[in-house]
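Coordinates in review
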Amino acid sequence: MTYTEILADWKSNKKIEMLWKKQSSLWTGKDENKWLGWLDIVKGQHHRIDEFLKIQEKFEKFKTIGLLGMGGSSLCPEVLAKTFGSAEGFPKLYILDSTDPAQVKSFEEKLDLDETCFIVASKSGSTLEPNVFLEYFYDLAEKKNFIAITDPGSAMEKKALSLKFLDIFYGIPSIGGRFSAFSDFGIIPALSIGVDVREYLAQAQLMVERCGPKVPLENNPGFNLGAELASQTLGGRDKMTLISSPELSSLPGWIEQLVAESTGKNGVGIIPIPEDDLQEPKYYGDDRHFVYLKLRDSEKNLDKEISSLKKAGFPVTIIETEDIYDLGQEFYRWEMATAIAGAILKVNPFDQPDVEASKIATRYLTEEFEKIGYLPHENSIFESGEIKLFADERNFGQLMEAKPKSVPEYLAAHFGRAKVGDYIGLLAYIEMNSETERILGKMKHKLQQSTKVATCIGFGPRFLHSTGQAYKGGPNTGVFLQITCDPQADLQIPGQKFTFGVIEGAQALGDFQVLANRERRLLRVNIAGDLIKGLESLVQALA
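A brief structural summary. (Residues numbered from 1 in each chain as written. Predicted model: local features only at pLDDT ≥ 70, side-chain atom pairs only at ≥ 80, totals over all residues. Heavy atoms only, no water.)

**Quick word on the sheet that holds strand β15 (residues 521-527)**
Heads up, the rule is: Paired strands are those between which DSSP finds at least two bridges. Only DSSP runs of H or I with at least four residues qualify as helices, and only runs of E with at least two residues qualify as strands; both kinds are numbered from the N terminus onward. In this analysis an axis means a line fitted to C-alpha atoms, helices contributing only their contacting stretch, and an angle means the value between N-to-C directions, from 0 to 180 degrees.
If you walk across this open sheet you meet the six strands as β10-β11-β15-β14-β12-β13, and the pairing is mixed. Bordering the open sheet on either side are β10 (382-384) and β13 (454-459), each of which pairs with just one other strand. Direction aside, the axes of adjacent strands within the sheet are offset by 15° on average. Pairing between strand β11 (residues 387-390) and β15: four bridges, direction antiparallel. Opposite Lys388, over in β15, you have Asn526 as the bridge partner.

Structure (structure tokens):
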């Protein structure tokens, strides 16, 4: 369907009215009506401004905020922290959303434990990572200065009450994690760093009104974006490539998880590709659709590069914002657009069935570790120095057709399976820092130039709660390289038999098993020694 056809369909069938009336039949007719609390949350939060200002004052006595969460509970606060920074007199906000032992330790070292307020964010209260983060830091911080954000009646609420947390803030049961930017999961972290929530919510309300049921569809920003994304996807341009002004550089990561987890299921979906470094148009395939998130007075103007893309025939959607407080508008625009795109693609944008599959696999592996004291042994298919390669039987058989005899040859055989319309995913269960991001960026750059196939980077286990849904449930067009490493120093979790390293290993193995069961093209490389040297050797192997 073209945009024009979608517009005509939505007009004649009054579908925007159906959305605002919360009718499940707009999507798949299942339980979508139970997950639409985000539609009118902004107005409700406006009425709490006085309460929010009193809460905000309580954060001023701390030097640092440590947010412990995963997925939507952590990615929106990450955007807020990176975009707004901390207002004068307010603490710095640091976020932990990884079980990688090195990352946990790096996070710990940024905090003054005596003057840190820990925010444990978990909607259900049963998610593995926030619970083990709590166990680790509750012990280190001597059981003081913890608050929780969770749904009423959750396991986390019970835990927070029993441990006498400073406070508990409540999510809305009808709002899923990735749509929670304006629930307390997004607002409380915003308060903690001194964001002017009155202005922030006022900007969001402007977008709510512009997306309302009485606004002509042609003038509805949420509809226009959602219809454009869906029509491009149905027309074969399903790689939504996100470009942004430097001041908005963290927003594509939030959009990536929202769109991928919401639309990537039942064999269809939009594959978001955040693009930090624009390349020449010749390196992009015909499956690309670009979205430019532009700050009007940005320090870096990308108009020349965007013009080159347009001249080369690529569709480009430009979203221009006036200042960073327009972030409130953008969160709502993208939530609305994603829900609309899901309806057009005929999927339920509010469930995540394949994320649950990885959680089940991880739970089984950690339970087995508790019984026998180790994770299942894996036989490598090739070893060279401190590099080991692993594959399931089906992928191993396909790779061996090329008769590879070295790491470069195995990588060539693996990525040689990528064809027009596919994408490559680098799934790295390692510490996420500036150095590892830089090296993986080099790998992405080389792969895109050599294959002209869209390439994305996911740091595990955080991507499991977002883009992992699309990798497993979306179209089978991904070619994945999973990267793991042996932890140089592990961290024990108080009261548990397993360590953070064991959890991360179980998550990587569970993810690998589920991808293999979904018959994805998949190869794992494990680095036994120095991580940075190992990653650089992979870059050389790709050359």
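**Looking at the nonpolar core**
Rules: The set of buried Ala, Val, Leu, Ile, Met, Phe, Trp, Tyr and Cys residues whose side-chain atoms join them within 4.5 Å is what this entry labels a nonpolar core. Accessible area is worked out with a 1.4 Å probe on protein chains only. A residue is then buried under 20% of its type maximum, exposed over 50%, and partly exposed in between. Contact definition: two residues touch when any of their heavy atoms are within 4.5 Å.
Counting residues in each nonpolar core, the largest one holds 84 residues, and the members touching the most others are Trp10, Trp38, Phe182, Trp254, Phe331, Tyr332 and Trp334. Trp254 has contacts with Leu75, Cys76, Val79, Arg178, Ala181, Phe331, Trp334 and Glu335, leaving out every residue within four places of it along the chain. Grouped together as the second largest cluster of nonpolar side chains are 34 residues, Leu399, Leu426, Val453 and Ala541 included.

**Comments concerning empty space enclosed by the protein**
We apply this condition: A cavity here means a set of points on a 1 Å grid, drawn over the protein atoms and nothing else, where a 1.4 Å probe fits but cannot get out; a pocket is an open set with protein on both sides within 12 Å along at least five of seven lines, and a residue lines either one if it has an atom within 4 Å of a point. Grid points are joined across faces, edges and corners, and a volume is the space filled by probe spheres set on the points. We call Asp, Glu, Lys and Arg charged. Ala, Val, Leu, Ile, Met, Phe, Trp, Tyr, Cys and Pro are nonpolar, and the rest, Gly among them, are polar.
Considering all chains together, one arrives at two cavities of 30 Å³ or more under this definition. Space inside the largest cavity adds up to approximately 40 Å³. For the largest cavity, the full set of lining residues is Leu248, Leu251, Leu293, Ile319, Thr321, Asp326, Leu327 and Glu330. Mapped by element, the contributors of at least two residues to the lining of the largest cavity are β9 (316-321) and α14 (327-345). Classifying every residue of the lining of the largest cavity by side-chain character gives five nonpolar, one polar and two charged. Here the second largest cavity defines a volume of roughly 30 Å³. Around the second largest cavity sit Asp97, Ser98, Gln103, Ile430, Met432, Phe459, Gly460 and Arg462, which together line it. For the lining of the second largest cavity, the residue count by class is three nonpolar, three polar and two charged.

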